Amino acid sequence: AQKVTQAQTEISVVEKEDVTLDCVYETRDTTYYLFWYKQPPSGELVFLIRRNSFDEQNEISGRYSWNFQKSTSSFNFTITASQVVDSAVYFCALSLTGANSKLTFGKGITLSVRP
Amino acid sequence: NAGVTQTPKFRVLKTGQSMTLLCAQDMNHEYMYWYRQDPGMGLRLIHYSVGEGTTAKGEVPDGYNVSRLKKQNFLLGLESAAPSQTSVYFCASSFWRSGELFFGEGSRLTVL
């Protein structure tokens, strides 16, 4: 079985604040992939990152960074110096690698960035 | 590039009516998926396909049927719509099993 928990449901910050979105996953498999997707108010789903279970290096892309820790089964996402355009619903997701593997999403975190 | 296209974008049905949502992708992807999105529930997998002619059940398959007669198309059918099927439906495709999903724009379905 696989499960993704995003305990935070809604977060509100003021522009330029840093914000971290938490993601905790459960799986017995040793090989798996973790993802983050963004859903802005327009509704489309935008891929942000994929990380495989053997690569625990943190990743930084501009103002976005991801912290993957297998010891705590977490894959957290930090936005530095948030902007109004970061307002969206953010989904963490987990995919195993078996024959019928599929992507399991968390329930999402609604981030509101106020000017 | 079209990517993943869903039709229709909006539809209102009465309870008991039937309809089909069409998903078309032009990226030659093997894997295709249908998700539904409801407030506070995230995205839940309805059915998926790992290749032309194949389909499999996801997390919430009841009340839906699917077909993948052509590699580029994945159809989602509702034989007898119920108010509980009011939702936003997303189709997605991927090149490989654990690859990035490319999503359509979504189809908003309301069942009265």
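Residue indices begin from 1 for each chain and proceed along its sequence in written order. Chains carry letters and ligands carry numbers; both start at the beginning, A for chains and 1 for ligands, and go up in the order they are written. Confidence filtering applies because this is a predicted model: local features only for residues at pLDDT of at least 70, side-chain atom pairs given and counted only at 80 or more, and all residues used for totals across whole chains, interfaces and linings. Calculated side-chain values reflect all of the structure's heavy atoms, with hydrogen atoms and water omitted.

A.B. asks: Account for empty space enclosed by the protein, with residues named and values stated.
C.D. replies: Here a cavity denotes a set of grid points, spaced 1 Å apart and computed over the protein atoms alone, in which a 1.4 Å probe fits but from which it cannot get out, and a pocket denotes an open set meeting protein on both sides within 12 Å along at least five of seven lines; residues with an atom within 4 Å of a point are reported as lining. Grid points are joined across faces, edges and corners, and a volume is the space filled by probe spheres set on the points. Within the structure shown, the criterion is met by one cavity of 30 Å³ or more. What the largest cavity holds in volume is close to 50 Å³. Lining the largest cavity, in full, are F35, S95, K102 and L103 of chain A together with Y33, S94, R97, S98, G99 and L101 of chain B. Looking at the lining of the largest cavity residue by residue, the classes come out as four nonpolar, four polar and two charged. For this classification, Asp, Glu, Lys and Arg are treated as charged, while Ala, Val, Leu, Ile, Met, Phe, Trp, Tyr, Cys and Pro are nonpolar and the rest, including Gly, are polar.

A.B. asks: Please set out the packing of aromatic side chains residue by residue, giving values where relevant.
C.D. replies: For any pair of aromatic rings, the description consists of the separation of the ring centres together with the inter-plane angle of the planes. Two aromatic rings from Phe, Tyr or Trp, using only the six-membered ring of Trp, form a pair when their centres are within 6.5 Å; if the ring planes differ by under 30 degrees the pair is stacked, by over 60 it is edge-to-face, and anything between is tilted. All chains considered together, the criterion is met by 22 aromatic pairs over all chains. For the ring pair Y37 of chain A and F105 of chain A, a centre distance of 5.8 Å and an interplane angle of 50° mean the geometry is tilted. Of this pair, Y37 of chain A sits in strand β5 (residues 32-39) while F105 of chain A is found in strand β11 (residues 103-105), placing the two residues 68 residues apart along the sequence. Judged on exposure class, the residue Y37 of chain A and its partner F105 of chain A are both buried. When the ring of F105 of chain A is compared with that of F103 of chain B, the centres are 6.2 Å apart and the planes differ by 65°; the resulting orientation is edge-to-face. A residue pair is termed interchain when its members come from two chains, as with F105 of chain A in strand β11 and F103 of chain B in strand β10 (residues 102-103). Counting from the N terminus, the helices are DSSP H or I runs at least four residues long and the strands are E runs at least two residues long. Exposure categories follow from relative accessible area, calculated using a 1.4 Å probe and restricted to protein chains: below 20% of the type maximum is buried, above 50% is exposed, and the middle band is partly exposed.

A.B. asks: With reference to specific residues and values, describe the interface of chain A and chain B.
C.D. replies: Opposite the 21 residues of chain A that make contact, chain B presents 18 residues. Summed over both partners, the accessible area (1.4 Å probe) lost when two parts come together is defined as the buried area. Summed over both sides, the interface between chain A and chain B buries roughly 1,700 Å², with carbon and sulfur atoms accounting for 58% of that surface. Three residues, L45, K102 and F105 of chain A, lead the burial of chain A against chain B; their summed loss comes to 28% of the area buried on that side. The term salt bridge refers to a side-chain nitrogen of Lys or Arg lying within 4 Å of a carboxyl oxygen of Asp or Glu. Put simply, chain A and chain B have zero salt bridges between them. Counting of polar contacts relies on pairs of N or O atoms within 3.5 Å, with two restrictions inside protein: one atom must be capable of donating a hydrogen and the other of accepting it, and residues adjacent in sequence are counted only when both atoms are side-chain atoms. The tally of links between chain A and chain B comes to three residue pairs in polar contact (both at pLDDT 80 or more). Residue assignment for the side of chain A that touches chain B shows that the elements contributing at least two residues are β5, β6 (46-52), β10 (88-96) and β11 of chain A. Considering every element that reaches the side of chain A that touches chain B, the biggest residue donor is β5 of chain A, with four residues. Looking at side-chain class alone, the side of chain A that touches chain B contains ten nonpolar, eight polar and three charged residues. Should any heavy atoms of two residues lie within 4.5 Å, those residues are considered in contact.

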